[in-house]
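Results of the structural survey
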Amino acid sequence: MTFPIAIIGTGIAGLSAAGALHAAGLGVQLFDKGRGSGGRMASKRTEVGTLDLGAQYFTCRDRRFAEAVQQWRGHGWVAEWQPSLYDSANGMLRPSQDEQIRWIGTPRMSALTRGLLGDMPARFSCRITEVFHGQQHWMLQDADGKAYGPFSQVVVATPSPQAAQLLAAAPKLASSVASVAMEPNWAVALSFEQTLDTPVDGCFIQDSPLEWVSRNRGKPGRASQPDTWVLQASSRWTRQHLDLPREQVIEQLYGAFAEMIGCTVPEPVFSLAHRWLYGRPVGNHGWGALADSSLGLYACGDWCLSGRVEGAWLSGQEAARKLLQHRAN
Ligand code: FAD
């Protein structure tokens, strides 16, 4: 009798691994503590439309990823984003020279992960707290004490601090995973009744609490009214203001935005703040994916490679490749 493979995490890394295993004819069962798929590519429904508070866009360097993106474009899950891009440094706003091709999910970032999930079985609002070995196979337990299994193998596709806890049954693997720290990021959305008088669709920022701002309506498929912006604080500023109440985070980042954007900024008619505790991995690693194949435990995520959407997807592919290779031997 063959048992399915458990995949913890339905961000792009978990979905990438699941898709590859599913395509190879293996049974998969996905779990996520969130209400839907996407992780840091999730989109939040609000009264001013659906907003991308995590990944803003993604770029392609790897050939395999570029081929996948073309397929996703064919399905209508992603589109090229051609923003009017600026850089802000020392209080000066300048058009950016950066000509990379940028992709986004349409009509929201999470459209991509919804598409990748397809009809694979997934259990949401289910926080896995333990991965343990049953008589012969792997079992999972959630925060309510409910057990799931048996599974032949387990792929952990969560940020590294969460993965290290789940991989306690493989201490060496868990210790490699735990060596990757992750930085937090505050993200704030602000909506203005009147359209701001600026050509900026997206801006990289230095010397400010902010590192990036983007205009929602500048992205394909997004609501055009009201004029809504997503502001991302730098990891440094976020670390220093990790426990600041949300209203104060909004107030301070609104102030930084009004200072850098170079036009009159009225009071917002809508605002929200979201804290990503595990926003970005510290440093790049060339691991692809980590595994204890003899035990049947695998770990993947952006923290194994580049800390970007592309790195996360490639890491999921690598976890699946390692798992399939081990099964073939
Ligand atoms: P995640 O997306 O974090 O997925 C992990 C999943 O695991 C989550 O859904 C989580 O709910 C689930 N999970 C965690 N613990 C458990 C548990 N115990 N039980 C069950 N489920 C669990 N990248 C770019 O390429 N371009 C950008 O512009 C960009 N901007 C960014 C902006 C911000 C603010 C942030 C935070 C990130 C940004 N990134 C960007 C990075 C990009 O979002 C990530 O690299 C990528 O989405 C990571 O995917 P992942 O699958 O590895 O992890």
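Residues numbered from 1 in each chain as written. Predicted model: local features only at pLDDT ≥ 70, side-chain atom pairs only at ≥ 80, totals over all residues. Heavy atoms only, no water.

- The protein goes by Renalase in an unreviewed UniProt entry, where it is assigned to Azotobacter chroococcum NCIMB 8003.
- The UniProt entry for the protein carries this comment under Function (unreviewed entry): "Catalyzes the oxidation of the 1,2-dihydro- and 1,6-dihydro- isomeric forms of beta-NAD(P) back to beta-NAD(P)+. May serve to protect primary metabolism dehydrogenases from inhibition by the 1,2-dihydro- and 1,6-dihydro-beta-NAD(P) isomers."
- Its UniProt record gives the protein the following Sequence similarities (unreviewed entry) comment, quoted word for word: "Belongs to the bacterial renalase family." (UniProt positions renumbered as here; feature names shortened; annotations may be inferred.)

Topic: the UniProt feature "binding site: FAD" (unreviewed entry) in the protein
- Those residues carrying the UniProt feature "binding site: FAD" (unreviewed entry) are Ala13, Asp32, Lys33, Arg40, Gln56, Tyr57, Ile128, Asp302 and Val309 in this numbering. What stands out for the annotated residues spanning 297 residues is how far apart their C-alpha atoms range, the widest pair being 28.8 Å apart.
- With respect to the helices, strands and loops of the structure, Asp302 is situated in the loop between strand 20 (297-299) and helix 8 (309-328).
- Asp302 sits in the buried class, given a relative accessible area of 6%.
- Those residues in contact with Asp302 that lie beyond four places of it in its chain are Arg40, Met182, Pro281, Gly307, Arg308, Gly311 and Ala312.
- Along the chain, Val309 falls in helix 8.
- Aside from chain neighbours lying at most four places away, what touches Val309 is Ile12, Met41, Ala55, Phe58 and Phe65. (Helix = DSSP H or I, 4+ residues; strand = E, 2+ residues; numbered from the N terminus. Buried < 20%, exposed > 50% of the residue type's maximum accessible area, 1.4 Å probe, protein only. Contact = heavy atoms within 4.5 Å.)

Some details on the pairing of strand 16 (residues 210-215)
- Taken across its six residues, strand 16 has five buried, putting it largely inside the fold.
- Pairing analysis gives three bridges linking strand 15 (residues 202-205) to strand 16, with the strands arranged antiparallel. Within strand 16, the position partnered with Gly202 by the bridge is Ser214.
- Once strand 15 ends, the chain turns through four residues before running back antiparallel as strand 16, passing Asp207 with a positive phi of about 55°. (Pairing = 2+ DSSP bridges.)

What about the domain arrangement of the protein?
- Entries for the protein in the domain assignment read domain 1 (5-46 + 112-181 + 283-328) and domain 2 (83-99 + 182-281).
- Taken together, the 14 residues of domain 1 in the interface contact nine residues of domain 2.
- For the pair domain 1 and domain 2, the summed buried surface comes to about 940 Å²; carbon and sulfur atoms form 69% of the total.
- If you look at where domain 1 meets domain 2, you find zero salt bridges.
- Connecting domain 1 to domain 2 are two residue pairs in polar contact (both at pLDDT 80 or more).
- Of all elements in the fold, only strand 3 (43-46) and helix 4 (160-166) reach the threshold of two or more residues within the side of domain 1 that touches domain 2.
- Residues that form the side of domain 1 that touches domain 2 fall into these classes: five nonpolar, six polar and three charged. (Domains from an automatic or database assignment. Buried area = accessible area lost by both parts, 1.4 Å probe. Salt bridge = Lys/Arg side-chain N within 4 Å of Asp/Glu carboxyl O. Polar contact = N/O pair within 3.5 Å; in protein donor to acceptor, adjacent residues only side chain to side chain. Nonpolar A, V, L, I, M, F, W, Y, C, P; charged D, E, K, R; others polar.)

Brief notes about the nonpolar core
- Core analysis: the largest hydrophobic core is formed by 42 residues, its most contacted members being Ile12, Leu21, Phe58, Trp72 and Val155.
- For this core, the secondary-structure elements that each account for two or more residues are strand 1 (5-8), helix 1 (12-23), strand 2 (28-31), helix 2 (63-75), strand 5 (78-81), strand 8 (102-105), helix 3 (110-117) and helix 8.
- Sort the elements by how many residues they give to this core and helix 8 lands first, with seven residues.
- With residues up to four places along the chain from it excluded, the contact list for Phe58 reads Met41, Phe65, Val69, Trp72, Val78, Ile101, Arg102, Trp103, Met109, Leu112 and Val309. (Core = buried A, V, L, I, M, F, W, Y, C linked by side-chain atoms within 4.5 Å.)

Section: the site of the ligand
- In the neighbourhood of the ligand, 35 residues make up the surrounding shell, with Ala13, Asp32, Arg40, Tyr57 and Asp302 lying closest.
- At a separation of 2.7 Å, an oxygen atom of the ligand approaches a polar backbone atom of Arg40.
- Between the ligand and Tyr57, the relevant distance is 2.7 Å, taken from a nitrogen atom to a main-chain nitrogen or oxygen of the residue.
- Its free accessible area being 1000 Å², the ligand has 95% of it covered by the protein chains. (Near = heavy atom within 4 Å. Areas by Shrake-Rupley, 256 points an atom, 1.4 Å probe, with all protein chains shown as cover.)

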